[in-house]
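# Coordinate analysis (summary)
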Amino acid sequence: MSTQATGPVGGFTGDPAEAFNPPAAGGCCGSPATGTGPAGGQTEVCCGTAAEAQESGGCCGATAKAEAVASGTGCCG
Amino acid sequence: MRAVVEELAADRYAGRRIGTAGGRAAVTWLADLLRAAGALVRLEEFPVAGTVREVYAVPTLMNWSAGGTGNPVFRRDFCEHLASADLPNPRTGRGALGILVPRDPDAAGWMPKMIAGPAPAALPVLAVRTDLHEQLRTTSHGSAVTAAVPVRTVDVTGVNVHGEFRPPRGGLSLLLTAYFDGVGDDPHGLRFPAACDNAAGVAAIIEAARVLHHALPDDIGLSVALLDGEEAGAAGSARHAPTVEPGTVVINLDGAAHLGEAAAVEAGGPAGPLLAALDLAGRQTGVPLRAQAMPSDNRRYAAAGLPTVGIGMGMPGYQTPAETHDRVQDAALTFAARLLTATAVNLAHGSNAGRADPHGWADRDLSTHRRLA
């Protein structure tokens, strides 16, 4: 769909619960997400690992994000 | 919504970087907009130290080698590297001057800008278009370059804009969030309008809140948070998330410019009912959804234990001068606002996967947005 969505095509394809453990965007950004849904769960981020994100003080690993942008894959918040 | 996007992308906001006059002007305008929509507005200031990298003058790079390219253009042929030391004045050297690293431009030939990244190194660093870098590297006699890299770390003050449309009354409380900050203009006036990332998201959540304010049952709480400093490590949500009342349901919108094949959704916290409501809303409004990582402010709220979804709908021209308001599709704005509105209504009315839309909310929202888009 480009922007012409119509009624029957909407909603999740597959199990909505996959959103708790989503794959990284195509070509972006570093480690795939392996997050857990429940509160307090440790969530891996797509721009590097959770540890890198924590070290960078953000929701992405800053170095991984920079590399993803630098390589032209673009990403992430 | 179109008017909000065009306003935030206007010259007077200068790319809306956190801690700048343009960013503060956006705060003032957004606060007025929320008040006009019926919200009780509160501003939340917070410091951000040691994070924001500022290019305070135009970097230069000249290649003096035989067969060299002469005078590469900043942001097209080369750009700042966030790990660079400050080199304010041009210096000529061969080898020991600093580091040139290869970088590919985007499809339109721009080198995207960021303001937070790796810790600064001891040497100046520039990112150079990959083919030019290769040319420099393979020049038979070595390359002599003249370069200046005026980049420094600045401490700034961010401002979140909170709008409470309905106070929590002990029942369901909804919080719609989107960041409004950008990476700011380049020092020579090259504009970074940040229309897609994330003026479009801001426009859509404000529109959804306006509709919901008049449509939700009286016992439902409704607030919006327009967040500063997402480009600086999601600083605004880091400040705000720990203060949100437990149990508040959070929906963050990160981009609403180009829907593409589907909207990306990431969930965190105890968000099962929220996901079910979103799934139903997607079917009601015709917006396809797919599970995909959304590393944005939503993660701050999820980490605070709140039921949260982050939704993304495309950012053409990501963090380049090409991110202009005309890249934001009206249809994407409308779909985003409808999706948020229907999700909130489904939550309020206790959605489940098998339920239809007995109140006609989606159609009601559609007609409203057709008038307002």
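### As for the overall build of chain A
- For chain A, the helix and strand inventory stands at two helices and one strand.
- Helices (α) and strands (β) of chain A occur, in sequence order from the N terminus, as β-α-α.
- Relative to its 77 residues, chain A shows a buried fraction of 49%.
- Nonlocal contacts in chain A, meaning residues at least 24 apart in sequence, comprise 24% of its contacts between residues at least 6 apart.

### Concerning helix α2 (residues 21-36) of chain B
All names here are of chain B.
- Taking 1.5 Å per residue, 16 residues should reach 22 Å; α2 reaches 23 Å between its end C-alpha atoms and fits that length.
- Listed as buried for α2 are G22, G23, A26, V27, L30, L33 and L34. When α2 is viewed along its axis, its buried side chains cluster within an angular range of 145° and face the same direction. Residues of α2 that are exposed and point over 90 degrees away from its buried face: A21, T28, D32, R35 and A36.
- A positive backbone phi angle near 105° is found at G38, which sits one or two residues after α2.

### Section: the nonpolar core
Residues and elements named next belong to chain B.
- In this structure, A200, A204, I205, A336 and L340 are the most contacted members of the largest nonpolar core, which totals 109 residues.
- Tallying contributions element by element places helix α4 (residues 195-215) first for this core, with 13 residues.
- Formed by 20 residues, the second largest nonpolar core is a distinct cluster that contains V55, L126, V128 and V149.

### Topic: the sheet that holds strand β14 (residues 308-313) of chain B
- Taken together, nine strands build an open sheet; the order of strands is β1(A)-β13(B)-β12(B)-β14(B)-β11(B)-β9(B)-β10(B)-β8(B)-β1(B) and the sheet is mixed. Single-partner strands in this sheet number two, and they are β1 (11-12) of chain A together with β1 (40-55) of chain B.
- Judged from the two bridges that link them, β1 of chain A and strand β13 (residues 288-291) of chain B form a sheet pairing that is parallel. Across the sheet, the residue bridging to F12 of chain A is L289 of chain B, located in β13 of chain B.
- The sheet contacts of α4 of chain B involve β8 (151-166), β9 (173-179), β10 (221-227) and β11 (249-256) of chain B, and relative to β11 of chain B the element is tilted by about 135°.

### Focus: the domain arrangement of chain B
Residue and element names in this part refer to chain B.
- Domain boundaries in chain B define domain 1 (2-53 + 154-372) and domain 2 (59-149).
- On a C-alpha basis, the centres of domain 1 and domain 2 stand 36 Å from each other.
- The partner domain 2 presents eleven residues to the 17 residues of domain 1 that form the contact.
- Grouping the amino acids of the side of domain 1 that touches domain 2 by side-chain chemistry returns eight nonpolar, five polar and four charged.

### Here we look at the confidence of the model for chain B
All names here are of chain B.
- On average, chain B scores 88 in pLDDT, and the residues at 70 or more come to 90%.
- Throughout residues 351-373 the model reports pLDDT below 50, and contacts reaching past four residues in sequence, or to other chains, amount to 35 contacts.
- For this predicted complex, the interface confidence reaches an ipTM of 0.84, while the overall pTM sits at 0.85.

### Notes on the sheet that holds strand β4 (residues 87-93) of chain B
All names here are of chain B.
- Spatial ordering of the open sheet is given by β2-β7-β4, a layout of three strands whose pairing is antiparallel. Each end of this open sheet is capped by a strand with a single partner; those strands are β2 (60-63) and β4. Between one strand axis and the next, the sheet turns by 10° as a mean value, whatever way the strands run.
- Examined bridge by bridge, β2 and strand β7 (residues 145-149) share four bridges and lie antiparallel to one another. Its bridge partner being in β7, T60 is matched across the sheet by A148.

### Focus: the environment of A107 of chain B
Residues and elements named next belong to chain B.
- Within the secondary structure layout, A107 lies in the loop between β5 (99-103) and β6 (125-129).
- Judged by C-beta crowding, with 11 C-beta atoms within 10 Å, A107 ranks as exposed.
- When the C-alpha positions of A107 and P120 are compared, they lie 28 Å apart, and in sequence the two are 13 residues distant.

### Observations regarding unusual backbone geometry
All names here are of chain B.
- Along the chain, D197 connects to N198 via a cis peptide bond; the corresponding omega equals 20°.
- Counting through the fold element by element, N198 comes out in helix α4.
- The phi torsion at R16 lies on the positive side, around 55°, for a residue other than glycine.
- Looking at the element boundaries, R16 is found in the loop between α1 (2-8) and α2.

Conventions used here
- Residues numbered from 1 in each chain as written.
- Chains lettered and ligands numbered in written order.
- Predicted model: local features only at pLDDT ≥ 70, side-chain atom pairs only at ≥ 80, totals over all residues.
- Helix = DSSP H or I, 4+ residues; strand = E, 2+ residues; numbered from the N terminus.
- Buried ≥ 20, exposed ≤ 12 C-beta atoms within 10 Å, placed from the backbone.
- Contact = placed C-beta atoms within 7 Å.
- Expected span 1.5 Å × (residues − 1).
- Arc of directions from axis to C-beta.
- Core = buried A, V, L, I, M, F, W, Y, C linked by C-beta atoms within 7 Å.
- Pairing = 2+ DSSP bridges.
- Axes fitted to C-alpha atoms, helices over the stretch in contact; angles between N-to-C directions.
- Domains from an automatic or database assignment.
- Nonpolar A, V, L, I, M, F, W, Y, C, P; charged D, E, K, R; others polar.
- pLDDT = per-residue confidence, 0-100.

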